[in-house]
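Remarks on the overall topology
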Amino acid sequence: SVHDYLSSPEVLATASVHITHAGEERLVHGVAAGVPMVCLPQDFDQLPLARRLTELGVGVIAEEDPAAVARAVLDLLADEDARARTPALSERLRRFDGEARLAAAVADVA
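The following paragraphs examine the structure supplied in this document. (Residues numbered from 1 in each chain as written. Predicted model: local features only at pLDDT ≥ 70, side-chain atom pairs only at ≥ 80, totals over all residues. Heavy atoms only, no water.)

**Re the sheet that holds strand S2 (residues 37-39)**
- The sheet built from three strands is open, its strands ordered S1-S2-S3 with parallel pairing. The open sheet terminates on both sides in strands that have one partner only, identified here as strand S1 (18-20) and strand S3 (59-61). Within the sheet, the average angular offset between the axes of one strand and its neighbour, ignoring direction, is 20 degrees.
- Across three bridges, S2 lies against S3 in parallel orientation. Across the sheet, the residue bridging to Met-37 is Gly-59, located in S3.
- Strand contacts of helix H3 (residues 46-56): S2 and S3, with the helix running at about 135 degrees to S3, the strand carrying the most contacts. (Pairing = 2+ DSSP bridges. Helix = DSSP H or I, 4+ residues; strand = E, 2+ residues; numbered from the N terminus. Axes fitted to C-alpha atoms, helices over the stretch in contact; angles between N-to-C directions. Contact = heavy atoms within 4.5 Å.)

What follows is the structure, encoded as structure tokens:
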């Protein structure tokens, strides 16, 4: 079916794999949902973010080719380690207190 709008967090809550262009917001949504990601970086900042996900073992970078994307999805679905790492990274994101860290950094400089 066709929708005008879909909430990423709601959709990702039921997803097994997230196919994304690897923009920062989409990656945060994927990590928060605990879903491994197939990344198709398209812009200057997306490639380093996608590479970091691969380093963390929770995503892969695929070529923009339907067969390559399908292989990447199937590989991630079969990768028990990636599926186990992603919820742990999600928990780390939930515990991360950026506001407190920023306040402490500002206090150190001031």
